[in-house]
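# Architecture at a glance
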Amino acid sequence: TPMQQALADCLDEADREYEGEPSYYAWLAKSYARKRRVLADALRAACVEPLPSQGGYFVVGDVSNLLELMPDEYRDGSVAADWAFCRWLAAEHGVVAIPSSPFFTDEPS
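Described in the following lines is the structure provided in the data block. (Residues numbered from 1 in each chain as written. Predicted model: local features only at pLDDT ≥ 70, side-chain atom pairs only at ≥ 80, totals over all residues. Heavy atoms only, no water.)

### Things to note about the packing of aromatic side chains
Stated precisely, the cut-off is as follows: Any Phe, Tyr or Trp ring, taking Trp's six-membered ring, that has another such ring centre within 6.5 Å forms a pair; planes under 30 degrees apart are called stacked, those over 60 apart edge-to-face, and the others tilted.
This model, assessed by the stated rule, comprises five aromatic pairs. Each ring, one from Tyr24 and one from Tyr25, has its centre 6.0 Å from the other, and the planes form 65 degrees; the classification is edge-to-face. An aromatic cluster is built from Tyr18, Tyr24, Tyr25 and Trp27, whose rings are joined through pairwise contacts.

Below, the structure is given as structure tokens:
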């Protein structure tokens, strides 16, 4: 079909040199690595220690040292500490973060 041919052409094009890199994929990986470094540096400046990462779109930061700054009104016990922290961060500081606890469980699979 025309759509399959267009997709195949795009994949072939992405394997060619792009912006001084061997391929679009190499350029994209380098671009994300640069952005990850900028974000990690900004997190460190805000006293959030980024966890080591070799790739991916998200940067995960350890905020355990900042939880004591969160007002008690956000610690109602109905949600995990990271949810409460993210809610406080958004409500009081206009910064939106994604809590990581929903992605983990102590329950055996």
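### Some words on the pattern of salt bridges
What counts, and what does not: What counts as a salt bridge is simple: a side-chain nitrogen of Lys or Arg found within 4 Å of a carboxyl oxygen of Asp or Glu.
All told, the structure shown has five salt bridges when counted by the stated rule. The closest approach of N and O atoms between Arg16 and Glu13, which form a salt bridge, is 2.7 Å.

### Details of the environment of Pro52
To keep things clear, this is the line we draw: Numbering of helices and strands runs from the N terminus, with a helix taken as a DSSP run of H or I at least four residues long and a strand as a DSSP run of E at least two residues long.
Note on placement: Pro52 falls in the loop between β1 (49-50) and β2 (61-62). Sequence-wise, Pro52 and Ser31 are 21 residues apart; in three dimensions their C-alpha atoms are separated by 17 Å.

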